[in-house]
Amino acid sequence: METHSGGRSKQGIRAVARRARVSTASVSRALNSPDSVSAELRARIAEAVKSVGYIPHASARALSSRRTRTLGAIIPTIDNTMFARGIAALQKYLSSVGYMLLLTTNGYDLDAELEQARNLVSRGIDGLVLRGDCHHDALRKMLADNAIPFINVGVYRPDRPYPCVGTNNEAAAHRAALHLVELGHRRIGIVSALQRNNDRASARVEGFRRALSENAIKLPPQWLVEVPYTLDDAREAARYLLSLPERPSALLCGNDVIAYGVLLEAERSGYVIPRDLSVVGFDDLDWSRHLRPSLTTIQVPTGSTWQRAGEYLVRHLAGEQTIMHHEVDYSLIVRESTAPPRS
């Protein structure tokens with residue numbers, strides 16, 4: 001459905017003016033020429049803007065009756081091969097249909113994500129791609145108030161009233177853990193990405209835990225380690241786990257980069273993979289099949305997932321019928337990094 005952001009803008013300014021008990025002209029001056037009003041008035045109007053949830057729509061001033069054909073995307077970081085691959089696929093698709101992409105990062109900080117979303121909306125985006133389903137309620141409200149459609153990428157949550165496209169991370173992680181159980185491992189540890197503000201990492205840990213619990217396998221607290229998304233931190237986690245008096249015979253990793261760090265540190269410490277330690281990753285990055293030993297991992301079609309997110313928003317904006325929840329299949333890729341435990 002076509003929306004007219006110029007109308008929303010006028011209504012928003014009036015609401016801000018009423019809240020701040022000033023004229024709409026004063027609000028306009030404070031927003032467009034802050035130095036032309038007093039600091040006290042700027043502060044009062046800024047508080048009213050925040051309270052009302054009004055966002056000055058820069059592009060709407062020139063395009064009051066047309067869309068900008070621009071989508072925004074907020075990802076946690078660009079220092080991640082999966083995000084780079086996904087954004088490249090999204091950008092390629094949007095270019096093919098005449099859309100432009102504005103990209104920002106939030107560093108897994110929900111407050112930063114909310115601020116970035118405000119900035120993108122103020123620049124006239126028609127829709128927004130978000131990573132995961134862990135967001136401020138204020139962000140969802142702001143998008144609804146401004147009639148900006150959005151979609152969560154990388155998760156499949158049909159129980160939630162928000163559009164999504166992605167893999168069931170809990171189920172995929174459960175399958176990865178079952179692979180080790182089927183090989184005969186009983187001493188299984190976990191090296192996870194940081195779970196704070198990361199529902200994908202949390203879901204994967206839940207899947208790992210469920211598989212272990214279903215098979216009466218205990219997970220000692222010291223065998224679950226959370227690390228940032230870096231090789232150095234993953235190596236440090238592996239160094240800690242492999243130095244324990246009672247160490248795991250296999251490690252489930254929250255993503256492939258963490259698995260790479262584990263493999264590197266195990267080799268440096270004199271362990272032979274998979275004879276002494278089995279390792280499973282998650283994502284199936286390009287390097288995973290080229291390593292020696294090559295990495296057993298969960299394969300997720302990242303490029304097509306992000307493209308489908310773009311397709312959803314473009315079709316939704318065109319008024320076409322869309323599927324709100326789209327599940328993306330995963331598969332277990334068994335390679336050289338896993339084997340039965342030594343007797």
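For the structure, see preceding data.
Residues numbered from 1 in each chain as written. Predicted model: local features only at pLDDT ≥ 70, side-chain atom pairs only at ≥ 80, totals over all residues. Heavy atoms only, no water.

### Section: the overall build of the protein
Here is step 1: For the protein, the helix and strand inventory stands at eleven helices and twelve strands.
Here is step 2: For the protein, the spread of C-alpha atoms along the principal axes amounts to about 80 × 45 × 30 Å.
Here is step 3: Within the protein, contacts between residues separated by at least 24 positions form 71% of all contacts whose residues are at least 6 apart in sequence.
Here is step 4: Accessible area for the protein stands at about 16,100 Å²; split by element, carbon and sulfur atoms hold 50% of it.
Here is step 5: The positive charge centre, built from 43 side chains, and the negative charge centre, built from 36, are 5 Å apart in the protein. (Helix = DSSP H or I, 4+ residues; strand = E, 2+ residues; numbered from the N terminus. Contact = heavy atoms within 4.5 Å. Areas by Shrake-Rupley, 256 points an atom, 1.4 Å probe, with all protein chains shown as cover. Lys, Arg positive; Asp, Glu negative; His and termini not counted. Charge placed at Lys NZ, Arg CZ, Asp CG, Glu CD.)

### Digging into helix 9 (residues 231-242)
Here is step 1: Between its first and last C-alpha, helix 9 extends 16 Å over twelve residues, near the 16 Å set by a 1.5 Å rise per residue.
Here is step 2: Those residues of helix 9 hidden inside the fold are in contact with strand 6 (188-193), strand 7 (224-227), strand 8 (250-253) and helix 10 (256-268). (Expected span 1.5 Å × (residues − 1).)

### Focus on the packing of aromatic side chains
Here is step 1: Per the stated rule, a full pass over the model turns up one aromatic pair.
Here is step 2: Ring centres of Phe150 and Tyr162 lie 5.9 Å apart, and the angle between their planes is 40°; this geometry places the pair in the tilted category. With Phe150 in strand 4 (residues 150-153) and Tyr162 in the loop between strand 4 and strand 5 (164-166), this residue pair connects regions lying twelve residues apart in the sequence.
Here is step 3: By relative accessible area, Phe150 is classed as buried at 10%. (Phe/Tyr/Trp six-rings, centres within 6.5 Å; stacked < 30°, edge-to-face > 60°. Buried < 20%, exposed > 50% of the residue type's maximum accessible area, 1.4 Å probe, protein only.)

### A short note on the sheet that holds strand 11 (residues 325-327)
Two strands in a sheet stick together by hydrogen bonds in their backbones, pointing the same way (parallel) or opposite ways (antiparallel).
Here is step 1: With parallel pairing, six strands are arranged side by side in an open sheet as 2-1-3-4-5-11. Bordering the open sheet on either side are strand 2 (100-105) and strand 11, each of which pairs with just one other strand. Each strand axis lies, on average, 15° off the axis of its neighbour in the sheet, ignoring direction.
Here is step 2: Here helix 4 (residues 81-96) sits on the sheet and contacts strand 1 (70-75), strand 2 and strand 3 (127-131); the angle it forms with strand 2, its principal contact strand, is near 160°.
Here is step 3: Lying on the sheet, helix 11 (residues 302-317) is in contact with strand 1, strand 3, strand 4, strand 5 and strand 11; it crosses strand 4 at an angle near 165°. (Pairing = 2+ DSSP bridges. Axes fitted to C-alpha atoms, helices over the stretch in contact; angles between N-to-C directions.)

### With respect to the layout of surface pockets
Here is step 1: In this structure, the largest pocket spans a volume of roughly 530 Å³.
Here is step 2: Surrounding the largest pocket, 31 residues form its lining, Asn80, Phe83, Tyr108, Arg131 and Asn198 being those nearest its centre.
Here is step 3: For the lining of the largest pocket, the secondary-structure elements that each account for two or more residues are helix 4, helix 8 (199-214) and helix 11.
Here is step 4: Within the lining of the largest pocket, the residues separate by chemical class into twelve nonpolar, 13 polar and six charged. (1 Å grid on protein atoms, 1.4 Å probe; cavity = no way out; pocket = protein on both sides within 12 Å on 5 of 7 lines; lining within 4 Å. Points joined across faces, edges and corners; volume = space filled by probe spheres on them. Nonpolar A, V, L, I, M, F, W, Y, C, P; charged D, E, K, R; others polar.)

### Overview of the pattern of salt bridges
Here is step 1: Evaluated as defined, the whole model comprises 21 salt bridges.
Here is step 2: A salt bridge links Arg235 to Glu265; the shortest N-O distance between them is 3.0 Å. Highlighted residues: Arg235 in helix 9 and Glu265 in helix 10, separated in sequence by 30 residues.
Here is step 3: Judged by relative accessible area, which is 4%, Glu265 ranks as buried.
Here is step 4: In this structure, the salt-bridge partner of Glu320 is Arg315, at a minimum N-O distance of 3.1 Å.
Here is step 5: By relative accessible area, which is 44% here, Glu320 ends up partly exposed. (Salt bridge = Lys/Arg side-chain N within 4 Å of Asp/Glu carboxyl O.)

### A word on empty space enclosed by the protein
Here is step 1: One pass over the full model with this rule turns up two cavities of 30 Å³ or more.
Here is step 2: Computed from the structure, the second largest cavity encloses a volume of approximately 80 Å³.
Here is step 3: Secondary-structure elements contributing two or more residues to the lining of the second largest cavity are strand 1 and helix 5 (110-122).
Here is step 4: Across the lining of the second largest cavity, the residue classes break down as six nonpolar, two polar and four charged.

### Here we look at the nonpolar core
What tends to happen in soluble globular proteins is that the nonpolar side chains get buried as a cluster.
Here is step 1: Formed by 49 residues in total, the largest nonpolar core has its most connected members in Ile188, Val191, Leu252, Ile258, Val262, Leu277 and Val279.
Here is step 2: Among the elements of the structure, helix 7 (169-183), strand 6, helix 8, strand 7, helix 9, strand 8, helix 10 and strand 9 (278-280) are those that each provide at least two residues to this core.
Here is step 3: Setting aside residues up to four positions removed in sequence, Leu277 forms contacts with Leu242, Arg247, Pro248, Ser249, Ala250, Leu251, Val262, Ala266, Val272 and Ser337.
Here is step 4: If you look at the next biggest cluster of nonpolar residues, it comprises 21 residues, including Ile75, Tyr93, Tyr99 and Val165. (Core = buried A, V, L, I, M, F, W, Y, C linked by side-chain atoms within 4.5 Å.)

### A look at the packing of helix 9 against helix 10
Here is step 1: Direction vectors running N to C along helix 9 and helix 10 enclose 50°, while the axes themselves pass 7 Å from each other. Classified by the angle their axes make, helix 9 and helix 10 are oblique. Seen along the crossing, helix 9 lies across helix 10 with a hand that is right-handed. Residue-level contacts link Leu231, Ala234, Arg235, Ala238, Arg239 and Leu242 of helix 9 to Val257, Ile258, Tyr260, Gly261, Val262, Leu264, Glu265, Ala266 and Arg268 of helix 10.
Here is step 2: Here the residues of the contact of helix 9 with helix 10 are counted per class, giving ten nonpolar, one polar and four charged. (Parallel < 35°, antiparallel > 145°, perpendicular 65-115°, else oblique. Left-handed = near helix turned anticlockwise from the far one by under 90°.)

### What to know about the state of the cysteines
Here is step 1: Throughout the structure, instances matching the rule amount to zero disulfides.
Here is step 2: No disulfide involves Cys134; its nearest neighbouring cysteine sulfur is the one of Cys164, lying 15 Å away.
Here is step 3: Cys164 sits in the buried class, given a relative accessible area of 2%. (Disulfide = S-S within 2.5 Å.)

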